[in-house]
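Topology and contacts: notes
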Amino acid sequence: MTDDLETILRQVRSGELPVSEAARRLRGGESPVGGFADLGFANVDLDRDRRCGFPEVVYCAGKSVPEVVAIAREILGRSNRVLLTRATGEQAEALTRAIPSAVFHERSRCVTIDPDPLAKTGLVAIVAAGTSDLPVAEEARLTAEIMGAATATHVDVGVAGLHRLLARIDGVRQARVIVAVAGMEGALASVVGGLVDRPVIGVPTSAGCGLDLDGVVPLLAMLNSCAAGVGVVNVDNGFGAGYLAALINRIPDSI
């Protein structure tokens, strides 16, 4: 209870938590019926942290600036961390004004609110084929880190220069799970899968040229991987890969 009280007081002082909500929480108020808050334009899932181990993540695309700020504040009423993805510069600016601890990560288009970061455990390796894949790789890294995973990023190690990957492979093998991010023909996930004894999460990206079909070509290539232990998320879905990697990273080695 002491930790909860200190968190509430810090959030009130920083302006992240309204006084009325702080008072309700200190009185032991429960979540609204059904575990969500009806904001009129969104039903914010206030029970996600208990059910899934992390609060609802806000996908900012298509939402107005006031909507994004209101949703973030509502989640902060129940949690001391929020992750917002695919944020525009305007949305990010409003969030950092309204919530002092909000941080905009421009390359990944993510906003994190994490004033009391979790202790980092395990290791998730983020392996990016090219520099053009970094926005997606960074989204995966930030997601895994805010969920408590230690991460190591290996950049520009695509198969066009295989020696670059082999120079890093010992470090990659130290991870509990590997996120392989690649556009073009998407071969990186298969190559990594053939070199490690860890689960590999392939992330196809829309970074490609010619008949790349906005990431469909690397998606199909990864889905057709002959390397065992490779799973695949959707095109440009760094968040999904980072989230899954963090969950795998939490599994005790003894299981």
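Remember, it's a predicted structure, so these values are computed and weren't measured experimentally.

**Thoughts on the sheet that holds strand β3 (residues 58–59)**
An order of β3-β4-β6-β5 is seen for the four strands of this open sheet, with the pairing classed as mixed. The open sheet has two edge strands, β3 and β5 (102–105), and neither has a second partner. Pairing of strand β4 (residues 82–85) with strand β6 (residues 110–113), which is carried by three bridges, proceeds in the antiparallel orientation. The residue bridging Val82 from the neighbouring strand is Ile113, located in β6. The strands touched by helix α4 (residues 65–76) are β3, β4 and β6; relative to β4, the strand with the most contacts, the crossing angle is about 155°.

**Section: the sheet that holds strand β9 (residues 177–182)**
The strand order across the open sheet formed by five strands is β8-β7-β9-β10-β11, and the pairing between neighbours is parallel. Taken across any chain shown, the strands that pair with only one partner, and hence form the sheet edges, are β8 (149–154) and β11 (230–232). Pairwise comparison of adjacent strand axes, ignoring direction, gives a mean angle of 25° for this sheet. Both strand β7 (residues 121–128) and β9 contribute to a ladder of five bridges, which runs parallel. Note on β9: the bridge partner recorded for Ala128 is Val181. This element, helix α6 (residues 134–146), spans β7, β8, β9 and β10 (200–204) of the sheet and lies at about 160° to β8. Running at roughly 160° to β10, helix α9 (residues 216–223) makes contact with β9, β10 and β11 of the sheet.

**Considering α9**
When we look at burial in α9, the residues that qualify are Pro218, Leu219 and Met222. Here the buried residues of α9 occupy an arc of 105° about the axis, which is enough to place them on one side. Close packing links the buried residues of α9 with β9, α8 (188–193), β10 and β11.

**Here's the deal with unusual backbone geometry**
A positive phi angle is found at Arg86, which is not glycine, with a value near 55°. Relative to the helices and strands, Arg86 resides in the loop between β4 and α5 (89–98). Despite not being glycine, Asp214 shows a phi value in the positive range, around 55°. Note that Asp214 resides in the loop between β10 and α9. With relative accessibility at 64%, the residue Asp214 sits in the exposed group.

What counts as what
Every chain is numbered on its own, with residues counted from 1 as its sequence reads. In view of the model being predicted, local features appear only for residues whose pLDDT reaches at least 70, and side-chain atom pairs are presented and counted only at 80 or more, with totals across whole chains, interfaces and linings using the full set of residues. Side-chain figures throughout are based on the complete set of non-hydrogen atoms in the structure, without hydrogens or water. Pairs of strands are assigned from DSSP output, requiring at least two bridges between the strands. Elements are defined by DSSP. Helices are runs of H or I of four residues or more, strands are runs of E of two residues or more, and each kind is numbered from the N terminus. Note on definitions: a residue-residue contact is assigned when non-hydrogen atoms from the two residues lie within 4.5 Å. Inter-axis angles, ranging from 0 to 180 degrees, are taken between N-to-C directions of lines fitted to C-alpha atoms, where helices are fitted over the stretch in contact. Between buried and exposed lies partly exposed: a residue is buried under 20% and exposed over 50% of the maximum accessible area for its type, with that area taken using a 1.4 Å probe on protein chains only. Each direction from the helix axis to a C-beta atom contributes to the arc, which is the arc of those directions.

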